[in-house]
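Per-entry structural report
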Amino acid sequence: MCWRPFRELSTTLEESPLDPRFDWLHASAAAVDLEAREAAISRQGELTKPPGSLGRLEDIAIQLAALQGRAQPALEQVRIVIFAADHGIASAGVSAFPQAVTAQMIANMAAGGAAISVLARQIGASIELIDLGTVAPVPAHPLIRQAVIAASTANLAEAPAMSAEQLAQALAEGAAALERARAAGAELFIAGEMGIGNTTAATALTCALLGLPASSLVGPGTGLDRGGLARKQALIEQALALHRDSLADPTEAPIQALAHLGGFEIAAMAGAYVACAQQRVPMLIDGFISSAAALVASRICPGAADWMLLAHASAEPGHQAMVQALGLRPLLDLGMRLGEGSGAAAAVPLLRLACDLHAQMATFAEAGVAPKGD
Ligand SMILES: O=C(O)c1ccc[n+]([C@@H]2O[C@H](COP(=O)([O-])O)[C@@H](O)[C@H]2O)c1
Ligand SMILES: Cc1cc2nc[nH]c2cc1C
């Protein structure tokens, strides 16, 4: 695919026609292993149950077999990477919580007291926290990687959220996190996020990519009241109008939308997802913000969605449109809207159950059970 980021730029994004910093994004998504898929389908047909009776537990095992390239998939090594960043738009009052919470929650995650800390311990996942830039200080901690791009993005209702250089840095941080996850032997990659104001960025980004009005996707995020919700919608409308011309070229729209309307953590997640698809690492997508990043990744890298499982349906109302556009089906619907990768972590036991059933059930022949008649 001939894809040229920043070919025709707004004056604030100054890059050359073919910017080499984005070259790596051009590589295609890997093909899934159809032989392993067929072998897994065939094994499911031999297990002691009416064919199809384990429903989506069968589909999960088959998909993981195709992604891991083995007839018997397994999920011992799960990696959770939490990308954290602040947003310029937060100063406009689009969140129910103060901006300082982003940095405070990174510290809480590192100390082991956040929901994702409990979930990661429970499922035995390794965890990495990446600080891409917060307004309040983040303490030094062995679990926290300092990869600060800027204290926050710019206010996307007034200017492009980030420069091309900042975008390149964020995307590369995501790819580097995937590289470390692979080195640690990860069999499944989960990206989580933390960023006060990031439902505004994720909503604006999705509106731009799907051509939908702010009113159809905007939601309360951390718990905005009616007045806050109206302010959030108006700011997203303002941002979409401001950046419309910069997003006009459909071949560049995903990357331009990321630069103009995204956040550092959203761009890093998109970079990690593209790298996962290119490097054969199955990913489990979390909620609203993660799905916006997944949508960008699937637009940048056609075929990336083949490498994704969607953990859950977020309670944030705009998530439904993202789910539809991704063509994925959520595994869980628990009314969650936390982020942090929490919904994905909650779905891991289900995936493991699917793998264990696939590997450990007896076949009709082994158990001496008569198979389905003709
Ligand atoms: O992932 C979700 O489905 C989700 C839905 C609503 C809110 N969040 C989290 O809440 C924060 C953003 O909410 P807000 O209201 O500040 O835009 C951010 O840290 C997200 O992780 C996450
Ligand atoms: C406390 C808190 C925890 C979070 N985790 C992810 N987003 C969050 C937002 C808030 C406000």
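Residues numbered from 1 in each chain as written. Chains lettered and ligands numbered in written order. Predicted model: local features only at pLDDT ≥ 70, side-chain atom pairs only at ≥ 80, totals over all residues.

1. Some thoughts on the overall build of the chain
Going by this rule: Working definition: helices are DSSP H or I runs of at least four residues, strands are E runs of at least two. Numbering for both runs from the N terminus. In this setup the radius of gyration rests on C-alpha atoms only. A globule is expected at 2.2 Å times the number of residues raised to 0.38. Three exposure classes are used. Buried residues have 20 or more other C-beta atoms within 10 Å of their own C-beta, exposed residues have 12 or fewer, and partly exposed residues fall in between, all C-beta atoms being placed from the backbone. Two residues form a contact once the distance between their C-beta atoms, set from the backbone, is within 7 Å.
Of regular secondary structure, the chain possesses 14 helices and six strands. Here the C-alpha radius of gyration of the chain, 21 Å, is about what a compact globule of 374 residues would show, namely 21 Å. Over its C-alpha atoms, taken along the principal directions, the chain stretches across nearly 70 × 45 × 40 Å. Counting across all 374 residues of the chain, residues that qualify as buried make up 52%. Residue pairs in contact within the chain that sit at least 24 positions apart in sequence constitute 76% of those at least 6 positions apart.

2. Considering unusual backbone geometry
For Arg-280, which is not glycine, the phi dihedral falls at a positive 65°. Inspection of the secondary structure puts Arg-280 in the loop between α10 (264-278) and β5 (283-285). Positioned with a positive phi, Glu-340 is a non-glycine residue whose angle comes to about 70°. Topologically, Glu-340 is positioned in the loop between α12 (319-326) and α13 (342-360). The class for Glu-340 is buried, based on 26 C-beta atoms found within 10 Å.

3. Focus on the site of ligand 2
The condition is simple: All residues are tested the same way: a C-beta atom is placed from the backbone, and lying within 6 Å of a molecule or strand makes the residue near it. Classes in brief: Ala, Val, Leu, Ile, Met, Phe, Trp, Tyr, Cys and Pro nonpolar; Asp, Glu, Lys and Arg charged; the others, Gly included, polar.
Neighbouring ligand 2 are Phe-97, Val-101, Met-105, Met-194, Thr-222, Leu-338, Gly-339 and Glu-340. Of the residues in the shell around ligand 2, the class split is five nonpolar, two polar and one charged.

4. Some remarks on the site of ligand 1
The immediate surroundings of ligand 1 are formed by 23 residues, with Ser-95, Gly-221, Gly-287, Ser-314 and Gly-339 found nearest. Going through the elements one at a time, β4 (188-194), α6 (198-210) and α11 (288-300) are the ones with two or more residues in the shell around ligand 1. Looking at which element gives the most residues to the shell around ligand 1, the answer is α6, with three residues. Here the residues of the shell around ligand 1 sort into seven nonpolar, 11 polar and five charged.

5. Regarding the packing of α10 against α11
Counted only if it meets this: Structural elements are reduced to axes, namely lines fitted to C-alpha atoms, with helices fitted over the stretch in contact, and the angle between N-to-C directions of any two is expressed from 0 to 180 degrees. Oblique is the label for any angle not covered by the other classes, which are roughly parallel (under 35 degrees), roughly antiparallel (over 145) and roughly perpendicular (65 to 115). By convention the crossing between two helices is left-handed if the near helix lies anticlockwise of the far one by an angle smaller than a right angle, and right-handed if it lies clockwise.
Viewed as axis vectors pointing N to C, α10 and α11 meet at an angle of 50°, and their least axial separation amounts to 8 Å. Between α10 and α11, the angle is such that the two are oblique. As α10 packs across α11, the resulting crossing turns out to be right-handed. Across the interface between the two elements, Ile-266, Met-269, Ala-270, Tyr-273 and Val-274 from α10 touch Ile-289, Ser-290, Ala-292, Ala-293, Ala-294, Val-296, Ala-297 and Ile-300 from α11. Among the residues making up the contact of α10 with α11, the classes are represented as 12 nonpolar, one polar and no charged.

6. Some details on α6
Put simply, the rule is: A helix is expected to reach a length of 1.5 Å times the quantity of its residues less one.
Compared with an ideal rise of 1.5 Å per residue, which puts 13 residues at 18 Å, α6 spans 18 Å between its outermost C-alpha atoms and is within 8% of the ideal. Judged by how many residues are buried, α6 sits mostly within the fold: 12 of 13 residues are covered. Residues Asn-198, Thr-199, Thr-200, Ala-201, Ala-202, Thr-203, Ala-204, Leu-205, Thr-206, Cys-207, Ala-208 and Leu-209 constitute the buried set of α6. The positive-phi residue at the C-terminal boundary of α6 is Gly-211, with phi of around 65°.

7. Details of the environment of Arg-226
Mapping Arg-226 onto the fold places it in helix α8 (residues 226-243). C-beta crowding within 10 Å serves as the criterion here: with 8 such atoms nearby, Arg-226 is assigned to the exposed category.

8. Examining the UniProt feature "active site" (unreviewed entry) in the chain
Counted only if it meets this: UniProt positions are given in the numbering used here, feature names are shortened, and annotations may be inferred rather than shown by experiment.
Residues given the UniProt feature "active site" (unreviewed entry) here are Glu-340. In this structure Glu-340 touches Ile-82, Ala-114, Ala-115, Ile-116, Gly-192 and Met-194, once residues within four positions along its chain are discounted.

9. Examining helix α3 (residues 100-111)
Its 12 residues place the ends of α3 17 Å apart at the C-alpha level, agreeing with the 16 Å of an ideal helix rising 1.5 Å per residue. Of the surrounding elements, those touching the buried residues of α3 are β1 (78-84), α4 (115-123), β2 (126-131), β3 (144-146) and β4. Directly after α3, the chain includes Gly-112, whose backbone phi takes a positive value near 95°.

10. Details of the nonpolar core
Operational definition: Defined on buried residues, the nonpolar core groups Ala, Val, Leu, Ile, Met, Phe, Trp, Tyr and Cys residues joined through C-beta atoms within 7 Å.
Core analysis: the largest hydrophobic core is formed by 126 residues, its most contacted members being Phe-189, Leu-205, Ala-270, Ala-272 and Tyr-273. Of all the elements, α10 adds the most residues to this core, at 12 residues.

11. Concerning the confidence of the model for the chain
We count it as follows: What pLDDT reports is the predictor's confidence in each residue, on a scale of 0 through 100.
Summing up the model confidence of the chain, the mean pLDDT is 95 and the portion of residues at 70 or higher is 95%. Taking the mean pLDDT of every element in the chain, the minimum, 96, falls on helix α9 (residues 253-261) and the maximum, 99, on β5. Within the model, pLDDT remains below 50 along residues 7-17, and this stretch shows 17 contacts once partners closer than five positions in the same chain are excluded. The ipTM assigned to the predicted complex is 0.99, against a pTM of 0.96.

12. Here we look at the sheet that holds β1
Note: strands within a sheet are paired through backbone hydrogen bonds, in either parallel or antiparallel orientation. Here is the rule: Here, any two strands with at least 2 DSSP bridges between them count as paired.
Spatially, the six strands line up as an open sheet ordered β3-β2-β1-β4-β5-β6, and their pairing is parallel. Looking at which strands have only one partner, the edges of the open sheet turn out to be β3 and β6 (308-310). Neighbour to neighbour, the strand axes of the sheet diverge by 25° on average, direction disregarded. Pairing analysis gives six bridges linking β1 to β2, with the strands arranged parallel. Residue pairing in the sheet places Ala-84 in a bridge with Asp-131 of β2. The sheet contacts of helix α5 (residues 164-183) involve β1, β2 and β4, and relative to β2 the element is tilted by about 160°. Most of the contacts of α10 go to β4, to which it runs at about 170°, and overall it touches β1, β2, β4 and β5.

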